[in-house]
Amino acid sequence: MLSSNILDKLTNVNLENKFNEPSVTSFIDCDNSSFPLYTVNSVIVGSGAAGLRAAVELKRRNVDVIVVTSMLYAGTSACSGSDKQTLFTASTGKNGDNVYAVAKAIAAGGAMDGDLAYVEAAGSFLAMDGLRLYGLPLPEDKFGAVLRYKTDHDEAGRATSCGPRTSRLMVKALSNEAMRLGINLLDDCTIVKILKKSYEERVDGLIGISKKFINDNNKLGIVIFKCCNVILAGGGAGELYKHSAYPYGCVGTVGLALEAGISVNNIQEQQFGISTDKSTFAWNLSGTYMQAMPRIFSQDRDGNVYNFLKNYYRSTKEIASNIFRKGYQWPVHAQKMLNFGSSLIDLAIFREIQKGREVFLDFLHNPDIGNDGKPFSLNELDEDVYAYLKNAEALLDLPIDRLNKMNPLSVELYRVNGIYLAKNPLKVGVNHQHFNGGIRVNIWGESELKGCFAIGESAGTHGVTRPGGSALNSGQVFAIRSAQFIENQNSHVDEDSIDLKKIKEILDFAGKSFNNKGISLQDLRQKVQTIMSEKVAFICNIKGLQEALKTIDQLIESVYKDGITVKHNSQLFSIFEWKNLLIEAKAIIESLIFYISNGGGSRGARVICSESASSIPQASNEDLSDFRIVPENIVKRNEIIVVKYDGSNTLIRERKVKDFPNLDDIFFEKNWPDFLNGDIFN
């Protein structure tokens, strides 16, 4: 048994804010206004685990850096997680690991560059050990090896965890180190535009909006950053979806990059899964939440209860075993909807909610009886399920007992958020959870815009699927890599003046917000989130996507012409966020249409349906012919969709994935001079 003190320490993680605020360098005068200017080598946009790691790595390399964040400790790193939130790295288990094999596992889902996969694998040792050095309490055995287990898309068992709050504990360790190093952080500031040099494709700075700078001489709260490096680490655009496992207000930085003409990779590749959403307490119900095998039921508005999984699976054993498998097959997976697989549960939940019912996990009761009429029994489970529970010493009577045995932290986590799994059923849905695609970067994390880097969920480094926890690892690895590259470039902020026309563009667009001609911010959010959740979620078809695109295009035209109406200056940062989110929504939808129109089929979390498709999910008592699944086109695993926005149109193309590096060509004596001379950065 774990003491309440240990449980509290790993779930109720308090974060301090003792950051220094940077000093304004000077002021820029424009249109009878005066805007504060910060001059600094590097600006990091975002204060999650990836952004803070980049800040620490830069500061330790004596690079002048400022972290800019819209709301400190309010993003996915600090506020999201799962039962055992996973960090996926090369393993210390048994005989150690092969970095090349790790890279192969990371890229196994397809549509991922081999060189990026190898970078993530090779860098995982340093990424993890640095976190441990900064104070992340990763569990070890008595020999000093980090404890491991299997996660999604992980056959070797390379996952490790500090519990439900792994990424929040990462943020705590990294923020403490950042504060110790004296890193400056500007909170409550939203970046709304990336500035580029007029004479080359190179970053020149940023424009932000902050309520703290609103005054008579700066009615919008505009703030300017003059810098030679920008690291975009603002996460994913969870706000695009009504049904989302993201915290409120997550807009990411991909739309910001698209607006600046920066290309993105695989923006159509996302993850969806069973979770509680942001209307209550946004949390992914993977791992032991499902391996405890709770009862799953639905309830209509009149209070009638439905044992709906009975209509999909053939027996109680099949229901229980597939609930268990959702633990390590948690994200929706198109192929696992067929042949009575575990993602048939996702489809079943989706259909219940479409009927207007609410769906619950009940940890006080075992799964309901299936079509064979046999009651649930621990002795009537698939062999792999029984073996896992036996090894975990969790062959106990009730789901809550099994969950407490396997992972008491997962129960405690909900308790500290006012939700008691030992008392009440838990309302759930199949919600949007992660972007696998994002800004196109090279092996150092740099985008095609020189000096502009992207790390974490902002970066499009992942393929169709990925091992659970590899996203946390990727953010850490590329934080280190981008800092290494920036240090090597030894760049300095030039004395060129900021392009005042870009500031005037911001002022002009903001000026439309009070003419009462444009759509209201609230109505825009509602329309975008509804169309994305209904037409661009895990189940989609070409007709629905075309309808969604038509709606988004109409909204873009309206917003560019008449602006977005707000009630107060303090809301102005949101009009730029949503202007950029519209561009990102357009990119996602057009990428999906392009993918399907060019022969792409169902893969990962994207279930592409068509009346002409022949694959229909099997169910014991349900007609699922409305969900005819277009099979995956394996050829597409070797291709990546690239999208660029030119100010009015999205330019879309396919490219081949990059190969894995040829390690036979690397030899110590031959390659050592490349490192010493800095040639590895060329």
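Just so it is clear, the model here is predicted, and its values are computed rather than measured.

**Here we look at the pairing of strand β17 (residues 358-362)**
Line of reasoning, step 1. Among the five residues in β17, four count as buried, and that is most of the element.
Line of reasoning, step 2. Pairing of strand β15 (residues 295-299) with β17 involves five bridges; the strand directions are antiparallel. Bridged to I296 within β17 is L361.
Line of reasoning, step 3. Alignment of β17 against strand β18 (residues 426-435), held across three bridges, turns out to be antiparallel. Looking across to β18, one finds that L361 is bridged to L426.

**Some words on the layout of surface pockets**
Line of reasoning, step 1. Approximately 1,400 Å³ is the volume found for the second largest pocket.
Line of reasoning, step 2. Residue lining of the second largest pocket: 49 residues in total, with F350, Q354, S533, E534 and A537 positioned closest to the centre.
Line of reasoning, step 3. Breaking the lining of the second largest pocket down by element, the ones donating at least two residues are β13 (270-276), α10 (344-354), β17, β18, α16 (521-535), β22 (539-540) and α17 (542-562).
Line of reasoning, step 4. Sorting elements by how many residues they give to the lining of the second largest pocket places β18 first, with six residues.
Line of reasoning, step 5. Classifying every residue of the lining of the second largest pocket gives 17 nonpolar, 17 polar and 15 charged.

**Things to note about the side chain of S410**
Line of reasoning, step 1. Here S410 is to be found in helix α13 (residues 408-416).
Line of reasoning, step 2. Separated by 2.6 Å, the side chain of S410 and the backbone oxygen of N407 make a polar contact.
Line of reasoning, step 3. The contacts of S410, once residues within four sequence positions are left out, are D83, P164, T288, Y289, L403 and L421.

**Details of the sheet that holds β15**
Line of reasoning, step 1. One open sheet accounts for six strands, arranged β14-β13-β18-β17-β15-β16; its pairing is antiparallel. One side of each edge strand has no neighbouring strand; the edge strands of this open sheet are β14 (283-284) and β16 (305-306).

**Structural notes on the packing of helix α2 (residues 49-60) against helix α5 (residues 114-134)**
Line of reasoning, step 1. One way to put it is that α2 packs onto α5 with a least axis distance of 12 Å and a crossing angle of 85 degrees. One finds that α2 runs roughly perpendicular with respect to α5. Facing R53, V56, E57 and R60 of α2, the residues of α5 in contact are L126, A127, G130, L131 and Y134.
Line of reasoning, step 2. Each residue belonging to the contact of α2 with α5 can be placed in one class, and the counts come to five nonpolar, one polar and three charged.

**Quick word on the pattern of salt bridges**
Line of reasoning, step 1. On inspection of all chains with the given rule, the structure shows 47 salt bridges.
Line of reasoning, step 2. Between D494 and K197 there is a salt bridge, with its nearest N and O atoms 1.9 Å apart. Here D494, found in the loop between α14 (470-489) and α15 (500-511), pairs with K197, found in the loop between β8 (190-196) and β9 (203-209); they are 297 residues apart in sequence, far enough to count as distant.
Line of reasoning, step 3. With a shortest N-O distance of 2.9 Å, D494 and K226 are connected by a salt bridge. Of this pair, D494 sits in the loop between α14 and α15 while K226 sits in strand β10 (residues 222-226), and the two are 268 residues apart along the sequence.
Line of reasoning, step 4. For K226, a relative accessible area of 4% corresponds to the buried category.
Line of reasoning, step 5. Several salt bridges converge on common partners, so that one network encompasses K197, D204, K226, D494 and D496.

**A word on the packing of α15 against helix α18 (residues 572-597)**
Line of reasoning, step 1. Contact geometry of α15 with α18 gives a least axis separation of 10 Å together with a crossing angle of 100 degrees. It follows that α15 is roughly perpendicular to α18 by the angle criterion. Listed contacts from α18 to I506, F509 and A510 of α15 are L572, I575, F576 and K579.
Line of reasoning, step 2. Taken together, the residues of the contact of α15 with α18 break down into six nonpolar, no polar and one charged.

**Considering the sheet that holds strand β20 (residues 452-454)**
Line of reasoning, step 1. What the five strands build is an open sheet, ordered β7-β4-β3-β11-β20; its pairing is parallel. Lying at the two open borders of the sheet, with one neighbouring strand each, are β7 (184-186) and β20. Between one strand and the next, the sheet's axes are offset by a mean angle of 20 degrees, whatever the strand orientation.
Line of reasoning, step 2. In this sheet, β20 lies alongside strand β11 (residues 229-232) in parallel orientation, the contact comprising three bridges. Following the sheet pairing, L232 is matched in β20 by A454.
Line of reasoning, step 3. Contacting β3 (42-45), β4 (65-68) and β11, α2 crosses the sheet at an angle of about 160 degrees to β3.

**Comments concerning the nonpolar core**
Soluble globular proteins: nonpolar side chains tend toward being buried together.
Line of reasoning, step 1. In terms of nonpolar packing, the biggest core is built from 150 residues, with I222, F225, L232, L240, I503 and M532 touching the most fellow members.
Line of reasoning, step 2. Of the residues forming this core, the biggest block, 15 residues, is contributed by α18.
Line of reasoning, step 3. Those residues in contact with M532 that sit more than four places away from it in its chain are L240, Y241, A537, A585, I588 and I589.
Line of reasoning, step 4. Residues A50, L72, V171 and A483 belong to the second largest nonpolar core, which totals 54 residues.

**Details of unusual backbone geometry**
Line of reasoning, step 1. For N32, which is not glycine, the phi dihedral falls at a positive 60 degrees.
Line of reasoning, step 2. Note that N32 resides in the loop between β1 (26-30) and β2 (33-39).
Line of reasoning, step 3. With relative accessibility at 81%, the residue N32 sits in the exposed group.
Line of reasoning, step 4. Backbone geometry places Y73, a non-glycine residue, at a positive phi of 65 degrees.
Line of reasoning, step 5. By the secondary structure assignment, Y73 is in the loop between β4 and α3 (76-79).

**Regarding empty space enclosed by the protein**
If you roll a probe as big as a water molecule over the atoms, it shows you where there is empty space left.
Line of reasoning, step 1. Applying the stated criterion to the full structure yields three cavities of 30 Å³ or more.
Line of reasoning, step 2. Size it by volume and the largest cavity reaches roughly 40 Å³.
Line of reasoning, step 3. Lining the largest cavity, in full, are H153, Q270, Q271, P331, V332, H333, V464, T465, G604 and A605.
Line of reasoning, step 4. Per-class residue counts for the lining of the largest cavity are four nonpolar, six polar and no charged.

Cut-offs applied
Residues numbered from 1 in each chain as written. Predicted model: local features only at pLDDT ≥ 70, side-chain atom pairs only at ≥ 80, totals over all residues. Heavy atoms only, no water. Buried < 20%, exposed > 50% of the residue type's maximum accessible area, 1.4 Å probe, protein only. Helix = DSSP H or I, 4+ residues; strand = E, 2+ residues; numbered from the N terminus. Pairing = 2+ DSSP bridges. 1 Å grid on protein atoms, 1.4 Å probe; cavity = no way out; pocket = protein on both sides within 12 Å on 5 of 7 lines; lining within 4 Å. Points joined across faces, edges and corners; volume = space filled by probe spheres on them. Nonpolar A, V, L, I, M, F, W, Y, C, P; charged D, E, K, R; others polar. Polar contact = N/O pair within 3.5 Å; in protein donor to acceptor, adjacent residues only side chain to side chain. Contact = heavy atoms within 4.5 Å. Axes fitted to C-alpha atoms, helices over the stretch in contact; angles between N-to-C directions. Parallel < 35°, antiparallel > 145°, perpendicular 65-115°, else oblique. Salt bridge = Lys/Arg side-chain N within 4 Å of Asp/Glu carboxyl O. Core = buried A, V, L, I, M, F, W, Y, C linked by side-chain atoms within 4.5 Å.

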